[in-house]
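Remarks on the overall topology
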Amino acid sequence: MSNINTAIIYYSSTGTNYQLAEWAKAGAQELGAQTKIFKVPELAPQEAIDANPAWKAHLEQTKDVPEVKLADLEWADAIIFSVPTRFGGVPSQLKQFLDTTGGLWFNGKLVNKVVSAMASASNAHGGQEATILSLYTTMYHWGAIVAAPGYTDPVTFGAGGNPYGTSVTVDQNGKMQEDVEAAVKHQAQRTVHVAQWVQKGTM
Ligand SMILES: Cc1cc2nc3c(=O)[nH]c(=O)nc-3n(C[C@H](O)[C@H](O)[C@H](O)COP(=O)(O)O)c2cc1C
């Protein structure tokens, strides 16, 4: 039984990263970790959302998912992010939230958080890796410990082979092109395991 508090923090317009977050939650829970899913607040204008039926429907479907608060970062021992790429970087919605963590950072509250990240894009080489790596840059500033999956389990190969974090390609209808569920669960469990090692080492 794990006593690792695990926060899965995602942004999603059309549901892909919400699904990745749900799989990560299931993976962490298999280890008995206390696990919560949070979305980052939406910032897009309502007109943009209304113009995209899939976006509008997804926001309605997930209206009860709690929005992440700074206290959730303090609570978490392990944090798994999941975001769609935006021109090879993280969506402004997540960046805005990250930019509110200065106070926690200043007080050393983000040090030794064990983190990893997942991403999606419309194209097979549309910026998944760059998005994850750009998110990790912020994690290094936090003093967090990045628990990337690497090639620690063969499932990574079947999921497209991204060692930085599980990533997926999604078509215009929202269909994922690779089967990444097992890789997501492995990544979540590795993140929890590393958090356990850190917890034991700092007790
Ligand atoms: C403003 C914007 C920029 C995007 N940039 C890229 C990109 O550079 N490469 C790419 O392959 N997909 C790009 N996409 C597609 C999204 O990454 C894709 O819709 C997303 O991964 C789906 O995830 P979601 O269902 O969780 O929203 C972009 C989408 C938007 C709205």
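Within an unreviewed UniProt entry, the label attached to the protein reads NAD(P)H dehydrogenase (Quinone), and the organism entered is Evansella caseinilytica.

1. Concerning the nonpolar core
Among the nonpolar cores identified, the biggest contains 51 residues, and Ala24, Ile79 and Phe81 are the most heavily contacted of them. Elements with a contribution of two residues or more to this core: strand S1 (5-10), helix H1 (16-30), strand S3 (78-84), helix H5 (92-98), strand S4 (114-121), helix H7 (128-142) and helix H9 (181-202).

2. Details of the pairing of strand S2 (residues 34-39)
Burial along S2 is one-sided: Thr35, Ile37 and Lys39 are buried, and none of Gln34, Lys36 and Phe38, which face the opposite way, are. Handedness of the S1-H1-S2 crossover: right-handed.

3. Observations concerning the packing of H1 against H9
Between H1 and H9, whose axes approach to 8 Å, the crossing angle comes to 50°. With respect to each other, H1 and H9 are oriented oblique. Considering only the axes of H1 and H9, their crossing is right-handed. Only Glu181, Val184, Lys185, Ala188, Gln189 and Val192 of H9 make contact with H1, whose side of the interface consists of Leu20, Trp23, Ala24, Ala26, Gly27, Ala28 and Glu30.

Rules used throughout
Residues numbered from 1 in each chain as written. Predicted model: local features only at pLDDT ≥ 70, side-chain atom pairs only at ≥ 80, totals over all residues. Core = buried A, V, L, I, M, F, W, Y, C linked by C-beta atoms within 7 Å. Buried ≥ 20, exposed ≤ 12 C-beta atoms within 10 Å, placed from the backbone. Helix = DSSP H or I, 4+ residues; strand = E, 2+ residues; numbered from the N terminus. Right-handed = clockwise from strand over helix to strand, strands pointing away. Axes fitted to C-alpha atoms, helices over the stretch in contact; angles between N-to-C directions. Parallel < 35°, antiparallel > 145°, perpendicular 65-115°, else oblique. Left-handed = near helix turned anticlockwise from the far one by under 90°. Contact = placed C-beta atoms within 7 Å.

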